[in-house]
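# Architecture and fold: a report
The primary structure of each chain is shown beneath.
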There are 2 protein chains.
Amino acid sequence: MSNLINISEAASLALHSMALIARNQPQRMNVKVLARDLDVSQTHLAKVFQKLSKNGLVKSVRGPAGGFELDKPAEDISFLEIYEIIEGKVNLTDCPLGKTHCVFETCIFGDELNRISADIYATLKEMNLSKF
Amino acid sequence: MSNLINISEAASLALHSMALIARNQPQRMNVKVLARDLDVSQTHLAKVFQKLSKNGLVKSVRGPAGGFELDKPAEDISFLEIYEIIEGKVNLTDCPLGKTHCVFETCIFGDELNRISADIYATLKEMNLSKF
DNA sequence: TTTATTTAGGTACTTCAATTCCTAAATAAG
DNA sequence: CTTATTTAGGAATTGAAGTACCTAAATAAA
C-alpha cells in the first residue's frame, strides 16, 4: 500500500503537534503529552521538536511545567514552513525526480508532475495554524 | 531538497524503461541497453523487470537477442498500472498518512490531501504508453 | 551440439534516512 | 539547595531501498 503524496511520519508529527499546540494556546504543551495525544514515539517527537525549535517555529522552556509554545502568531505559520523544516526545501524547478539529465527530450510525464507539485506547494503554503 | 510527489527510483526506472520499450517497438530491448540509456544500475533495473514481467506487463525472452517487449497494446498500459506494480497499490480511501485513528475529529488537512491524491491518481491512470 | 547471451531469482551487502538510546543542561517547585 | 521534570544533542541502532553477487534456466547463433 503506497502513498501518492510524500509526507513522512516526522512531517506528519510536526504538523499535527503544531496544530495541537495552536489549539491549546496560550498554554504550552510538552513532548510527553503530545506523544500521548498523537500516540507516537516520545523520542521521535522530541527530535522533531529540536528542528522546529532551532528553526524558530516554537519557543522551548525546560524544566517542570516546561514545553513548547508557538514563537509567532498562528496565522503566520504555514503548513509549508513546517513541512520544509522537517523534509527540507521543496524543489519545484528541476525534474521532480531529481535527475539532472534524461534520455527523453521532453519529460515522460509531460507537465503533469510540475502541475501537481505546484498545486501541493500552493496548498501547503495557503494552510496555516490559525484555524485550530 | 524534498519531493512533494512520492515516486521512488525503482518506479521511475519502471516508467522510463517502459516508455523506451514502447518507443522501440516492435523490437525488444534488454536490460543492458536500457540501463545504459537510463544511466542506472543494471542489477537494479533487472530486479524491477522481474516484477514487471511477473505482473504481465512485459514478455521476457531469454538468450541472445532476448530482452523484454510489451505484453499488451501500449495504450492499455497506464502509468498507474506500472506505478502500482512497483510501489504497491495506492490507497485513496483511508487517511493519506495511513493512520487508523486521530486526535482531530476532522483531518488537519481538510479535504486537500484527498483532493490532490485523487488528482494524481486520475492523472497516472489517464497517462499510458501510447504516446511514445 | 556447443557456446555465448540473456533473464530468473535467491542471498548478501551497502547506504542513507528514520528512529531510539543515553547523558547533559536548564529550570521550576519544594 | 535539592530534586524532579523537561528539552538538547551526540551516538548508536534499525529499517528500507538500492545494489551487487552468484548460480540456474532458457535460447539463439555458430
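The notes below deal with the structure included here. (Residues numbered from 1 in each chain as written. Chains lettered and ligands numbered in written order. Predicted model: local features only at pLDDT ≥ 70, side-chain atom pairs only at ≥ 80, totals over all residues. Heavy atoms only, no water.)

## Description of the protein's contact with DNA strand C
- Inspection of the region around DNA strand C gives 21 residues, with Ser41 and His44 of chain A together with Gln50, Ser60 and Arg62 of chain B positioned closest.
- Backbone atoms, meaning sugar and phosphate, make up 62% of the atoms of DNA strand C lying within 4 Å of the protein.
- A distance of 3.0 Å separates a base nitrogen of DNA strand C from a polar atom in the side chain of Arg62 of chain A.
- Here Gly63 of chain B contributes a backbone N or O atom positioned 3.1 Å from a sugar or linking oxygen of DNA strand C.
- Of all the secondary-structure elements, those providing two or more residues to the surface near DNA strand C are α3 (42–54) of chain A together with α3 (42–54), β1 (58–61) and β2 (67–70) of chain B.
- A class-by-class count of the residues in the surface near DNA strand C yields 5 nonpolar, 11 polar and 5 charged. (Near = heavy atom within 4 Å. Polar contact = N/O pair within 3.5 Å; in protein donor to acceptor, adjacent residues only side chain to side chain. Helix = DSSP H or I, 4+ residues; strand = E, 2+ residues; numbered from the N terminus. Nonpolar A, V, L, I, M, F, W, Y, C, P; charged D, E, K, R; others polar.)

## Notes on the interface of chain A and chain B
- Counting from both sides, the interface comprises 50 residues of chain A and, opposite them, 50 residues of chain B.
- Among the residues of chain A in contact with chain B, Leu4, Phe104 and Ile108 of chain A are the three that bury the most area, contributing 17% of the side total.
- The tally of links from chain A across to chain B stands at 4 salt bridges.
- When the shortest N-O distance is used, the salt bridge between Asp119 of chain B and Arg115 of chain A registers 2.5 Å.
- Our enumeration of links across chain A and chain B arrives at 19 residue pairs in polar contact (both at pLDDT 80 or more).
- Elements represented by at least two residues in the side of chain A that touches chain B include exactly α1 (9–24), α2 (31–38), α4 (79–87) and α5 (112–126) of chain A.
- Classifying every residue of the side of chain A that touches chain B gives 27 nonpolar, 11 polar and 12 charged. (Contact = heavy atoms within 4.5 Å. Buried area = accessible area lost by both parts, 1.4 Å probe. Salt bridge = Lys/Arg side-chain N within 4 Å of Asp/Glu carboxyl O.)

## What to know about helix α4 (residues 79–87) of chain B
All names here are of chain B.
- Of all 9 residues in α4, 7 are buried, a share of seventy percent or more.
- Listed in full, the buried residues belonging to α4 are Phe79, Leu80, Ile82, Tyr83, Glu84, Ile85 and Ile86.
- Backbone geometry just downstream of α4 places Gly88 in the positive-phi region, at approximately 95°. (Buried < 20%, exposed > 50% of the residue type's maximum accessible area, 1.4 Å probe, protein only.)

## Regarding the packing of helix α1 (residues 9–24) of chain B against α3 of chain B
All names here are of chain B.
- Put simply, α1 and α3 touch, their axes get as near as 10 Å, and they point 75° apart. Classed by the angle they form, the pair α1 and α3 counts as roughly perpendicular. Between α1, through Glu9, Ala10, Leu13, Ala14, Ser17, Met18 and Ile21, and α3, the contact on the second element is made entirely by His44, Leu45, Val48, Phe49 and Leu52.
- Here the contact of α1 with α3 is composed, by residue class, of 9 nonpolar, 2 polar and 1 charged. (Axes fitted to C-alpha atoms, helices over the stretch in contact; angles between N-to-C directions. Parallel < 35°, antiparallel > 145°, perpendicular 65-115°, else oblique.)

## Overview of the pattern of salt bridges
- Overall, the coordinates contain 16 salt bridges over all chains when judged by the stated rule.
- With a shortest N-O distance of 3.4 Å, Arg23 of chain A and Glu105 of chain B are connected by a salt bridge. Of this pair, Arg23 of chain A sits in helix α1 while Glu105 of chain B sits in the loop between α4 and α5 (112–126), which puts the two residues in different chains.
- Taking relative accessible area as the criterion, Glu105 of chain B reaches 66% and is therefore assigned exposed.
- The partner of Arg28 of chain B in a salt bridge is Glu69 of chain B, and the shortest N-O contact between them spans 2.7 Å. On the criterion of sequence distance, the pair formed by Arg28 of chain B in the loop between α1 and α2 (31–38) and Glu69 of chain B in strand β2 is long-range, its members being 41 residues apart.
- Owing to a relative accessible area of 19%, Glu69 of chain B belongs among the buried residues under this scheme.
- Connected via shared salt-bridge partners are Arg28, Lys59 and Glu69 of chain A.

## Some thoughts on the packing of α4 of chain A against α5 of chain A
Residues and elements named next belong to chain A.
- Between α4 and α5, whose axes approach to 5 Å, the crossing angle comes to 110°. Our classification of the angle between α4 and α5 gives roughly perpendicular. Along its contact with α4, which presents Phe79, Leu80, Tyr83 and Glu84, the element α5 presents Tyr121, Leu124 and Lys125.
- Class assignment for the residues of the contact of α4 with α5 results in 5 nonpolar, no polar and 2 charged.

## Quick notes on the packing of aromatic side chains
- Scanning the entire structure with this criterion turns up 8 aromatic pairs over all chains.
- Ring geometry for Phe79 of chain B and Phe132 of chain B: centres 6.4 Å apart, planes at 10°, overall stacked. Within this pair, whereas Phe79 of chain B is found in helix α4, its partner Phe132 of chain B is found in the segment after α5, the two being separated by 53 residues in sequence.
- Judged by relative accessible area, which is 0%, Phe79 of chain B ranks as buried.
- Here the aromatic residues Phe79 and Phe132 of chain A together with Phe104 and Phe109 of chain B are joined through ring pairs into a cluster of three or more. (Phe/Tyr/Trp six-rings, centres within 6.5 Å; stacked < 30°, edge-to-face > 60°.)

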